[in-house]
Structure formats: C-alpha cells, structure tokens
Amino acid sequence: MLGYEFMQRAFWAGGLIGIIGPLLGVYLMLRRQVLMADTLSHVSLAGVALGSVLQWNPAISGFAVAVAGGLVIEQLRRSYRTYSELPVAIIMTSGLALAVVLMSLKQNLTKSFSSYLFGSIVAVSDTQLKLIAIVAAAGLVYFIVLRRPLYNLTFDEETASIGGVHTGLLSFSFAVLTGMTVAAAMPVVGVLLVSALIVLPASIALRIASGFTAAILISVGVGLTGVFSGLTASYYINTPPGGTIALILLVFLLSAIAVQRLITLKNRRNIHKSTTI
Amino acid sequence: MILSSMQDVVFGYGNEPVIDRLSLDIEAGQFIGITGPNGAAKTTLLKLMLGLLKPWSGTVSLNKELTGGGGLVIGYVPQQVASFNAGFPSKVIELVRSGCYSRLGLFRRFTKEQEALVESSLRQVDMWEYRNRRIGELSGGQKQRICIARALAQQPQVLVLDEPATGMDTASRSGFYKLMRHYVSQHGRTVIMVTHGLEETRSYLDTVISLERQEQEGWTCLVTNSCSVHFGQEA
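For clarity, every value in this text was computed on a predicted model and none was experimentally measured.

**Notes on the overall build of chain B**
Then, number 1: Helix and strand counts for chain B come out as 8 helices and 10 strands.
Then, number 2: A total of 235 residues make up chain B; the buried ones form 55% of that total.
Then, number 3: Contacts spanning at least 24 positions in sequence make up 69% of the contacts within chain B whose residues lie at least 6 apart.
Then, number 4: Element-wise, carbon and sulfur atoms account for 47% of the exposed surface of chain B, whose accessible area totals about 10600 Å².

**Remarks on the interface of chain A and chain B**
Then, number 1: Across the boundary between the two partners, chain A contributes 26 residues, which contact 30 residues of chain B.
Then, number 2: For the pair chain A and chain B, the summed buried surface comes to about 2300 Å²; carbon and sulfur atoms form 58% of the total.
Then, number 3: In terms of surface lost to chain B, no three residues of chain A exceed A:Arg148, A:Phe155 and A:Ile162, which account for 34% of the buried area on that side.
Then, number 4: Inspection of the chain A/chain B interface yields 1 salt bridge.
Then, number 5: Between B:Lys47 and A:Glu158 there is a salt bridge, and its shortest N-O distance comes to 3.1 Å.
Then, number 6: Scanning the region where chain A abuts chain B turns up 11 residue pairs in polar contact (both at pLDDT 80 or more).
Then, number 7: Those elements that provide at least two residues to the side of chain A that touches chain B are α7 (147–155), α8 (157–162), α10 (191–208) and α11 (212–237) of chain A.
Then, number 8: For the side of chain A that touches chain B, the element with the most residues is α7(A), which contributes 7 residues.
Then, number 9: Residues belonging to the side of chain A that touches chain B are distributed by class as follows: 12 nonpolar, 8 polar and 6 charged.

**Examining the nonpolar core**
Then, number 1: The biggest cluster of nonpolar side chains holds 116 residues, and the ones touching the most others in it are A:Phe143, A:Leu150, B:Leu122 and B:Met180.
Then, number 2: Among the elements that take part in this core, helix α1 (residues 5–30) of chain A stands out by supplying 13 residues, more than any other.
Then, number 3: The residues that make up this core include at least three from each of domain 1 (1–72 + 157–235) and domain 2 (82–155) of chain B.
Then, number 4: Other than its neighbours up to four places away in sequence, B:Met180 contacts B:Phe31, B:Leu152, B:Leu159, B:Leu161 and B:Val191.
Then, number 5: Counting residues in hydrophobic clusters, the runner-up holds 30 residues, among them B:Ala28, B:Ile34, B:Leu53 and B:Val194.

**Quick look at the packing of α1(A) against helix α9 (residues 167–189) of chain A**
All names here are of chain A.
Then, number 1: In contact at an axis separation of 11 Å, α1 and α9 are set at 145 degrees when each is read in the N-to-C sense. With respect to the hand of their crossing, α1 and α9 are arranged in left-handed fashion. Every residue of α9 that contacts α1 at Ala 13, Ile 17, Ile 20, Leu 24, Tyr 27 and Leu 28 is listed here: Phe 174, Leu 177, Thr 178, Thr 181, Ala 185 and Val 188.
Then, number 2: Tallied by class, the residues present in the contact of α1 with α9 amount to 10 nonpolar, 2 polar and no charged.

**Quick notes on the sheet that holds strand β2 (residues 16–27) of chain B**
Residues and elements named next belong to chain B.
Then, number 1: Strand order in the open sheet made by the 3 strands is β2-β1-β4, with antiparallel pairing throughout. What marks the edges here is a single partner per strand, and that holds for β2 and β4 (57–62). Each strand of the sheet is rotated relative to its neighbour by a mean of 15 degrees, with strand direction disregarded.
Then, number 2: The pairing of strand β1 (residues 2–13) with β4 spans 5 bridges and is antiparallel. Bridged to Gln 7 within β4 is Thr 59.

**Some details on the environment of B:Glu119**
All names here are of chain B.
Then, number 1: Tracing the sequence through the fold places Glu 119 in helix α5 (residues 112–124).
Then, number 2: Assessed through its relative accessible area of 28%, Glu 119 is described here as partly exposed.
Then, number 3: On a C-alpha basis, the gap between Glu 119 and Arg 97 in space is 9.2 Å, while along the polypeptide they are 22 residues apart.

**Considering the pattern of salt bridges**
Two side chains of opposite charge can pair, provided their charged atoms sit close to one another.
Residue and element names in this part refer to chain A.
Then, number 1: All chains considered together, the criterion is met by 10 salt bridges over all chains.
Then, number 2: For Glu 74, the salt bridge is made with Arg 31, and the minimal N-O distance between the two is 3.7 Å. Taken as a pair, Glu 74 in helix α3 (residues 58–79) and Arg 31 in the loop between α1 and α2 (36–53) lie far apart in primary sequence, 43 residues in all. With respect to class, Glu 74 is no different from Arg 31; both count as buried.
Then, number 3: A salt bridge links Arg 77 to Glu 74, with the shortest nitrogen-to-oxygen separation between them at 2.9 Å. Taken together, the residues Arg 77 and Glu 74, both in helix α3 and 3 residues apart, mark about one turn of the helix.
Then, number 4: Classification of Arg 77 by relative accessible area gives buried; the value is 10%.
Then, number 5: By relative accessible area, which is 1% here, Glu 74 ends up buried.
Then, number 6: Connected through salt bridges with shared partners, the residues Arg 31, Glu 74, Arg 77 and Glu 157 form a single ionic network.

**Considering the domain arrangement of chain B**
Residue and element names in this part refer to chain B.
Then, number 1: The domain architecture assigned to chain B consists of domain 1 (1–72 + 157–235) and domain 2 (82–155).
Then, number 2: Tallying the contact residues gives 13 residues for domain 1 and 9 residues for domain 2.
Then, number 3: Between domain 1 and domain 2, the buried area comes to about 860 Å², and carbon and sulfur atoms account for 68% of it.
Then, number 4: Contact with domain 2 buries surface across domain 1, with Leu 159, Met 168 and Leu 179 losing the most and accounting together for 39% of the total.
Then, number 5: Inspection of the region where domain 1 meets domain 2 yields 0 salt bridges.
Then, number 6: Across the domain 1-domain 2 interface, the total number found is 1 residue pair in polar contact (both at pLDDT 80 or more).
Then, number 7: With 5 residues, helix α7 (residues 170–187) is the largest single contributor of residues to the side of domain 1 that touches domain 2.
Then, number 8: Per-class residue counts for the side of domain 1 that touches domain 2 are 7 nonpolar, 4 polar and 2 charged.

Conventions we followed
- Residues numbered from 1 in each chain as written.
- Chains lettered and ligands numbered in written order.
- Predicted model: local features only at pLDDT ≥ 70, side-chain atom pairs only at ≥ 80, totals over all residues.
- Heavy atoms only, no water.
- Helix = DSSP H or I, 4+ residues; strand = E, 2+ residues; numbered from the N terminus.
- Buried < 20%, exposed > 50% of the residue type's maximum accessible area, 1.4 Å probe, protein only.
- Contact = heavy atoms within 4.5 Å.
- Areas by Shrake-Rupley, 256 points an atom, 1.4 Å probe, with all protein chains shown as cover.
- Buried area = accessible area lost by both parts, 1.4 Å probe.
- Salt bridge = Lys/Arg side-chain N within 4 Å of Asp/Glu carboxyl O.
- Polar contact = N/O pair within 3.5 Å; in protein donor to acceptor, adjacent residues only side chain to side chain.
- Nonpolar A, V, L, I, M, F, W, Y, C, P; charged D, E, K, R; others polar.
- Core = buried A, V, L, I, M, F, W, Y, C linked by side-chain atoms within 4.5 Å.
- Domains from an automatic or database assignment.
- Axes fitted to C-alpha atoms, helices over the stretch in contact; angles between N-to-C directions.
- Left-handed = near helix turned anticlockwise from the far one by under 90°.
- Pairing = 2+ DSSP bridges.

Right under this line is the structure:
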C-alpha cells in the first residue's frame, strides 16, 4: 500500500492533520467553541466560491476567508459574552448562505464543490501537502510556546487576564490558527469531516484523561490512530477515506464510553460488596 | 500608602449607573472587607478596581511606586469559582501550578522553591492530599479552596477574593480567615475580600467598606462606614 506515492502523500497529509486537528479540538471544546471548525469550513467554502466567481485562486480565497471568519467570530464572541455559541451560529448561517448564492452564480462550480465537501485525501497535491505541513508546524510551535497562557486562558479568561495574559491577542491568534487549520484540512478531508477530526478525538480524550497534558496526548494519539487505520481500511475495502476515518473515530468514541461505563459499574459493585461484607 | 485610587467613577449596566461619582482610596498592607446587600455593586466595584470593567467616567489608578513601574501581581478568585467547568481535564496540582505561570513566563522551568510554594499553598488550604484528583470530582467548597491555593501560588502583592468562603464549612472558613490575616500581618500583602458574613470576619479585618444603595435625586449612591477609606461623595 505504501509503495504508491499517492498513499504516501495521503498518510503524510492525514498524519499532519491528525496531529493538529485533535490538538486544536481539545482547546475548542473547553472554550465552548466546538462548532467553530464546522462553521469555518462553511465560511471557507464561501471563500472558495467567491474566488471562483471573481476568478481568483479558490484555495487562497478559501484560506483567507476562513481566517477572516475566525477573527469575526472572536470579535462577535466579545460582544455576546453571555451567548458564546451565538456568534458561531450567525457566521455558520451567513457562510452557508453566501456559498449557496455564489454557487448559483456559476453553474460549473457544483462539481468542484463536491471535492471540497467530501475531500480527496488520496489525491493530495504537492502544494496542498506543503500548505498542510506549514500550518501544522505553525500550530505545533504555537501550542508548545504558548501552552502556559493557553492553559490559563482556557480555564478562565477573567483570572488569566488579571494574571497578566494578553487574553485579547491570544484569543484572536487562536481564532486565526483555527481558520488556517480548517482551510488547510478542508480540501483533504472535506468540509463534512473537518469537524470529525477536530471534535471526536478530543471528545474521547476529555472523557478519559486524568490531566490536561494527558488529554492532549490522548487526543493526538486517537486522531493519528483513527487517520492511519481509516486510510488503511479504506485502501483494502475500497471505501471513501474521509468517511472511513470519521466512522472509525466514532467507533473509538462509542467504545470509550462503553468501557468507561463498565469500569464504573465494576467499581460500584466492588464498593457494594465491600460494604455488605 | 495608597494602593488603588478611584476618582469620580461612574459605572452602570444598560442606562442606569450602579456606581455614581465614587471616589475611593484603598490602603496597601491591609485586610479589607467589602460588604453590602445583594445588588449593592460589590463585585462591580472589585472588577472596576481590577480593570476588568472600564468606568463610564472617572479614573481608576494603581500606585506606580508600589508596582515598581512594572505590573502589580494580583491573585484573583472570582465569585462563580465553584461552578467552573467541571469537565476541565486537570488535576488539582496542575491547576495550582498554573498559578506560577505568570512569574515563570513561557519557558522557565519550575524551581524547587516554586514546587515547594505549590505544596505549601495546597497544604494551607488543606487540599494537599487531593493533589492528584481531577478538579471535576471535587465539591464546591473544595474547588473554592484549590482556586485560593492557585492564587496564593502566584505570590501576589494583592489578593482579591469575591465571596471566597462560599461552600466552605465553619472550621474551613475560620482557618481561611486566619490564613488571610497571617498573610497580611506577616508578609505585608493586601487582601481585598467581598463578604456577606461580616459578623464572622470583622475581627480579622483592618477595614470594612460597607456598600448601601440609596435613592438620592433619582441617582443611586454608595456609602461606606470605614474609617480609613473615604468617599468623595456625600450620602
């Protein structure tokens, strides 16, 4: 399987997104912005459509619009502090509406849109791979260098601000990174599966991790395992790679919930036994 | 020495001011209690002092001599701490260690002294034995105590606590007030605490700021009975 160049590229691209997506997902979930990735992928789609209509490079316009969308969400979040989910809903609706209207302006867009909707990880181009590598490297540096202020920001923005964290700057840079990651991942795994790679590994990690560092390591571990096993399975059983990866991650999540329940039940029985003896 | 000075501060929510032309000086090196009925703008006053809220008009300033020209290290424990994200995947010790991050910056490693400080902060609030527990597994009072330990680990010059004894039992509250008194008397730090239990805390406090709301010519005003803190505005 790895003898084929397209599969090598798919593993590289998937591996890079499998690291940065789940890492970002932990922070997004804890900041109650879990739908931000989904929203930005729709916004990015509107950017792709805009690029096509204006005859710009759709990849670049999609990337730029996703980053701008992240910044607008962050700005709106500051205006609607009590309803932090509201900006995400506003931008998602606007992005989707804009994409649909722009698509209608150019009839031949529908076909190329399907590749953005579902992705094509086994058809990753050199340029796409480079872009993903740059975004993943920037993301890793960002999360390693700023791990301490990000922890404080994620735990509580107010105390972080008083403790000297530049919360505004950090939140805006986080929004930019989210936009960049979504825009880079979208052509590879598709609009519909960007969220899966960001949300599902983090959901598993937050259920079972004993600490913050453990949550991040588990999330990345699950993400990579899901991507690599999904790609392998899709190669041998001839299924769409993106969907296979998402389904495998879903199986991981359901298994984690089941195992956790069994452990809880076993512990309760042990306690019951020890109290009745 | 004056730590914080508010001059003619006006602030409100919507169109109505809840703090109207308030002038207030806070002395450094004291244990200060802020008390008053619900809605008396106690938390608002704290947030204005901390710069979390910007006044509609007037000024809030910190003493530059005291800060040495740099930033004042302030430890803050907010009111809603017991309801913080129960799913936050952090061990107690991880959270308390994060109190040292502002002094450590981005890359400096924890020294033995800082590890000892984290341990003593947790011991001071009787939470050392819970250090490896997930914070989501703790009770409201225990969460409150680890957030106080986190603030103490910051080694703040000023500790600002918004109803810190919420959820604590009587023995824990008494121990906590003694700890704050010791912190002020022995280390020369300033503690500003919003409290409802004035009868329980009065003996530990140097200064009491009592907030009352009075309708006066259509405006709401604040009054203090403290001897060392004054209002520029007559009630």
